[in-house]
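Spelled out, the chains give:
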Amino acid sequence: MKRFLIVFLLLLSFVVTDAREGMWIPALLDKYNIEEMQQMGFKLSADDVYSINHNSMKDAVVLFGSGCTGELVSHDGLLLTNHHCGYSSIQSHSSVEHDYLTDGFWAASREQELSNPGLKVRFLDRMNDVTDSVLAGTEGLKNEAFEGKIKDNIKTIEEAASFNGKYEAVVKPLFYGNQYFVYVYKVFKDIRLVGAPPSSIGKFGGDTDNWMWPRHTGDFSVFRVYADKNNEPAEYSPDNVPYHPKSFFPISLKGISPDDFIMVFGFPGKTEEYLPSEAVDLVMNQRDPERVGIRTQKLEILARHMASDPKVRIQYASKYAGTSNSWKRWQGEVRGLKQMDALSGKQSFEDLFRQWYEKDDSLTSLYGNIFPQFKKLYADLAPYSRAYDYYNEIVFRGTDIFSLVNTFSFLADKENEKQLEKLRDDLTKRVREFFKDYDRSTDEEVFVRLMRLIQANLDPLFLPFDFQKIMRSYDDEGLLNKIYRKSVFSDEGKMENIAKGMDEKEFRKLQHDPLMVFYNDLLGHYQRNIGGIYFDLQEEIGEVQKDYMAGIMSMRKGELIYPDANLTLRVAYGKVGGYKPADGIIYRYQTTISGIMGKDNPEIYDYHVPEKLHELYNKKDYGIYTGRQDELPVAFIASVHTTGGNSGSPAINASGELVGINFDRCWEGTMSDIMFDPDHCRNIMVDIRYVLFVIDKFAGAGYLLNEMNLID
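Attention here is on the structure that accompanies the text.

Cut-offs applied
For every chain, the first residue of the written sequence is number 1, and numbering continues from 1 along that sequence. Reporting in this predicted model follows two pLDDT cut-offs: at least 70 for local features of residues, and 80 or more for side-chain atom pairs to be given and counted; totals over whole chains, interfaces and linings ignore these cut-offs and use all residues. Only hydrogens and water are removed before side-chain values are computed, so all heavy atoms of the structure are retained for them. Here, nonpolar core refers to any group of buried Ala, Val, Leu, Ile, Met, Phe, Trp, Tyr and Cys residues whose side-chain atoms link them within 4.5 Å. Buried means the residue's accessible area, taken with a 1.4 Å probe over protein chains only, is under 20% of the maximum for its type, while exposed means over 50%, and partly exposed covers the values in between. Helix numbering and strand numbering both begin at the N terminus, where a helix is a DSSP run of H or I of at least 4 residues and a strand a DSSP run of E of at least 2. Residue contacts are counted whenever heavy atoms from the two residues lie within 4.5 Å of one another. Disulfides are defined as pairs of cysteine sulfur atoms found within 2.5 Å of each other. Here, strands pair whenever DSSP counts at least two bridges between them. To obtain each axis, a line is fitted to C-alpha atoms, and for helices this fit is confined to the stretch in contact; angles are then taken between N-to-C directions over 0 to 180 degrees. Roughly parallel means an angle under 35 degrees; roughly antiparallel means over 145; roughly perpendicular covers 65 to 115; every other angle is labelled oblique. Residues are grouped as follows: Ala, Val, Leu, Ile, Met, Phe, Trp, Tyr, Cys and Pro are nonpolar; Asp, Glu, Lys and Arg are charged; all remaining types, including Gly, are polar. Handedness of a helix crossing follows the sense of rotation of the near helix relative to the far helix, less than a right angle counterclockwise being left-handed and clockwise being right-handed.

## Points about the nonpolar core
Turning to step 1, where the next piece is worked out: The biggest cluster of nonpolar side chains holds 197 residues, and the ones touching the most others in it are Phe408, Phe447 and Met451.
Turning to step 2, where the next piece is worked out: With 15 residues, helix H24 (residues 514-555) is the largest single contributor of residues to this core.
Turning to step 3, where the next piece is worked out: If sequence neighbours within four positions are ignored, methionine 451 has contacts with Ile394, Phe402, Phe467, Met471, Leu479, Phe518 and Leu522.
Turning to step 4, where the next piece is worked out: In terms of nonpolar packing, the next biggest core, distinct from the first, is built from 13 residues, Ile154, Ala169, Val171 and Tyr180 among them.

## With respect to helix H16 (residues 400-409)
Turning to step 1, where the next piece is worked out: Summarising burial for H16: 8 of the 10 residues are buried, a large majority.
Turning to step 2, where the next piece is worked out: All of the buried residues along H16 are Asp400, Ile401, Phe402, Leu404, Val405, Thr407, Phe408 and Ser409.

## Describing the side chain of threonine 643
Turning to step 1, where the next piece is worked out: When you line up the elements, threonine 643 lands in the loop between strand E18 (633-638) and strand E19 (650-652).
Turning to step 2, where the next piece is worked out: A relative accessible area of 6% means that threonine 643 is categorised as buried.
Turning to step 3, where the next piece is worked out: Those residues in contact with threonine 643 that sit more than four places away from it in its chain are Met23, Pro268, Gly269, Lys270, Thr271, Ala565, Arg665 and Asp673.

## Details of the state of the cysteines
Turning to step 1, where the next piece is worked out: Enumeration according to the criterion identifies 1 disulfide in this entry.
Turning to step 2, where the next piece is worked out: Between the sulfur of cysteine 68 and that of cysteine 85 lies a disulfide, 2.1 Å long from S to S. In this structure, the disulfide formed by cysteine 68 and cysteine 85 twists by about -80° around the S-S bond and is classed as left-handed. On the criterion of sequence distance, the pair formed by cysteine 68 in strand E2 (residues 68-72) and cysteine 85 in the loop between strand E3 (78-81) and helix H5 (87-92) is long-range, its members being 17 residues apart. Each member of the pair, cysteine 68 together with cysteine 85, is buried.
Turning to step 3, where the next piece is worked out: You can see cysteine 666 has no disulfide; the closest cysteine sulfur is in cysteine 681, sitting 9.1 Å from it.
Turning to step 4, where the next piece is worked out: Classification of cysteine 666 as buried rests on a relative accessible area of 0%.
Turning to step 5, where the next piece is worked out: With relative accessibility at 2%, the residue cysteine 681 sits in the buried group.

## Let's talk about the pairing of E3
Turning to step 1, where the next piece is worked out: Where burial is concerned, the two faces of E3 agree: the one with Leu78 and Leu80 and the one with Leu79 and Thr81 are both buried.
Turning to step 2, where the next piece is worked out: Both E2 and E3 contribute to a ladder of 2 bridges, which runs antiparallel. For glutamate 71, the partnering residue across the bridge sits in E3 and is leucine 80.
Turning to step 3, where the next piece is worked out: Between the end of E2 and the start of E3, which pair antiparallel, lie 5 residues, with glycine 77 showing a positive phi angle near 75°.
Turning to step 4, where the next piece is worked out: Bridge analysis of E3 against strand E10 (residues 221-227) gives 4 bridges, and the strand direction is antiparallel. The residue of E10 that forms the bridge with leucine 78 is arginine 224.

## Details of the environment of glycine 531
Turning to step 1, where the next piece is worked out: Tracing the sequence through the fold places glycine 531 in helix H24.
Turning to step 2, where the next piece is worked out: Since its relative accessible area comes to 6%, glycine 531 is described here as buried.
Turning to step 3, where the next piece is worked out: For the pair glycine 531 and glycine 165, spaced 366 residues apart in the sequence, the C-alpha separation amounts to 34 Å.

## Topic: the side chain of histidine 525
Turning to step 1, where the next piece is worked out: With respect to the helices and strands, the residue histidine 525 is situated in helix H24.
Turning to step 2, where the next piece is worked out: Those residues in contact with histidine 525 that sit more than four places away from it in its chain are Tyr391, Leu461, Phe462, Leu463, Pro464 and Ile530.

## Considerations on unusual backbone geometry
Turning to step 1, where the next piece is worked out: Residue tryptophan 213 is joined to proline 214 through a cis peptide bond whose omega torsion reads 5°.
Turning to step 2, where the next piece is worked out: Positionally, proline 214 belongs in the loop between helix H10 (206-209) and E10.
Turning to step 3, where the next piece is worked out: Here tyrosine 176, not a glycine, exhibits a phi torsion of approximately 60°, which is positive.
Turning to step 4, where the next piece is worked out: For leucine 567, which is not glycine, the phi dihedral falls at a positive 60°.

## Here's the deal with the packing of helix H15 (residues 370-396) against helix H19 (residues 440-457)
Turning to step 1, where the next piece is worked out: Axis separation between H15 and H19 bottoms out at 10 Å; the angle between their running directions is 170°. Judged by the angle between their axes, H15 and H19 are roughly antiparallel. In this structure, H15 contributes Arg386, Tyr390, Tyr391, Glu393, Ile394 and Val395 to the contact, and H19 contributes Leu450, Met451, Leu453, Ile454 and Asn457.
Turning to step 2, where the next piece is worked out: Considering only residue class, the contact of H15 with H19 consists of 8 nonpolar, 1 polar and 2 charged.

## Notes on the pairing of strand E9 (residues 190-196)
Turning to step 1, where the next piece is worked out: Among the 7 residues in E9, 7 count as buried, and that is most of the element.
Turning to step 2, where the next piece is worked out: The pairing of strand E4 (residues 105-106) with E9 spans 2 bridges and is classified as antiparallel. Looking at E9, one finds that tryptophan 106 is bridged to glycine 195.
Turning to step 3, where the next piece is worked out: Judged from the 2 bridges that link them, strand E5 (residues 114-115) and E9 form a sheet pairing that is antiparallel. Bridging from a neighbouring strand, serine 115 pairs with arginine 192 of E9.
Turning to step 4, where the next piece is worked out: The pairing of E9 with E10 spans 5 bridges and is antiparallel. Each residue of the ladder has a partner; that of glycine 195, found in E10, is valine 222.

## Overview of the packing of helix H11 (residues 277-308) against H19
Turning to step 1, where the next piece is worked out: Where H11 contacts H19, the axes come no closer than 10 Å and their chain directions differ by 160°. When the interaxial angle is binned, H11 and H19 end up roughly antiparallel. Between H11 and H19 lies a crossing whose hand is right-handed. Residues Ile294, Gln297, Lys298, Glu300, Ile301, Leu302, Arg304 and His305 of H11 touch H19, and the partners they reach there are Ser441, Thr442, Glu445, Val446, Arg449, Leu450 and Leu453.
Turning to step 2, where the next piece is worked out: Classifying every residue of the contact of H11 with H19 by side-chain character gives 6 nonpolar, 4 polar and 5 charged.

Below is the structure:
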């Protein structure tokens, strides 16, 4: 009995013995990482992960849409990503009559798979270090001349790498411009929705559980990549056929255990691990708290209207999710940075940096002025950063109606009648798309609330005089009557007629619309007094940061050091394991279907467990997808360094098999974009066995599994 207890406790262990910070360049694994990965349990070679000479894992991973990752799991182009990554596509096909968000969707045949105009996936063909080519001819150049030469060089490199449009090539800086890589992609544009679980599975727990552990969300959706008959990218056509990828992932049914090696392969969006203390202070004590405050006001309104009307719930589902995602992450980021005493940590590193360069006069001349420059520049930036955030959150992203106004406002540089006529079809399409997901009463309340926020909290220097005068002159109802309700922009019929008949006369008339005048007043003030100065200061900071980064690289020469994420393909790795979020609390590494049933609440949309899932649970009808003690696993966590963009990334075991789909991070570790803590930073993955169970047992779409290579 004692021996059994010891083994059992080890299985439940929350201690992770290996946690590797970093998002590493796959083309350089052989040089920097593979030995450590193999010591941690990885059984394959660097060439198996990334190769341009033969098929490798990179050929099964895609940049999905504009900011997620997906992975191929069949020879016929079947693709897995997160439910929240496919959310806007699922929503676009949904209506009150066909509510795929609530009910889910499963194509019974390939003919029933739904096309998604505008959705693309990008396969990385290759990446190369082009630092020397980017910097060629820049010797002795400064400021605009230096930047101009770099832009010219980048354009030349991208044009050559695209092979006359066959590929999409982009050059991106690493280490703040101390290194450059070119990334060459093959872009597929015919991507069809194959299946999605209902939100009661794919978004189970909703925004309450978002960023949290324990988690019980089946966050996945299924798409298929289509190509022409030559297996090449093509626009949508009914004649297209499923794409046959160079490689796809085998799927493991063996599951995971504590201390197992896990690799996440995907496209992390943005991290800022090398910021100075002044930047961290600005994030912790100004930017994050103020953006959270603004979004709190907006989310309260959206939630209330969505709860009272099923149509509004569908219209605003994606908008609410997008707004709440960063809102919650910023709160966790501040909490984590404070718990880590991040400011002291950054300042201690800066002390070490000073000690390093002060040992050598030549180093002092290079780096001695960096910290005084940071101190001045961030002090100058702070008020403009506040104004930038308020305009960004309120004017440019806050209220729906301004997004439509902005569509027509930006026609100001296309004023001749011939150009406007060419845009009629596009404008008509945009108007229809806007009103499909617009509710006037909801947006009116958001409009008033946010306008009052910017009036009350922003320095008058950053607000137009006429705006301030209007806001003082009217109460909330008067403001709506004066600005919002007098405008044609909230009238779908009028706006569609305007778009269809758009010419110079109609455009001129639209410039006098009260909402257009109101918006342009704010936009113009921002452009003249905020945006330019804000970005100029950021550019100056960027130059100092580049020098600081060069110094860090020199000081740490010979050590493993990774570049910040920039939405390019990266490898991250660690071990399966739980963690201790607070005193007296220990989180296990895995959740099961029992936890779903424990959260069931039919009165709450996000916790209403489907009846079919209840039936399968009561019968313990889990098929071949069970874990230990015949429980059905749902999600698990590991110490892998991930961020936004890693959503949908394959979670790969030591043998190169798919064991899960990455979809989130634990709230206590969301500061990992700025500072990684191996004790608290955990990525969250849906267990692939739960994905297969939902497809097979719940949805009755087991025919899809016939395409997959399942490893038992």
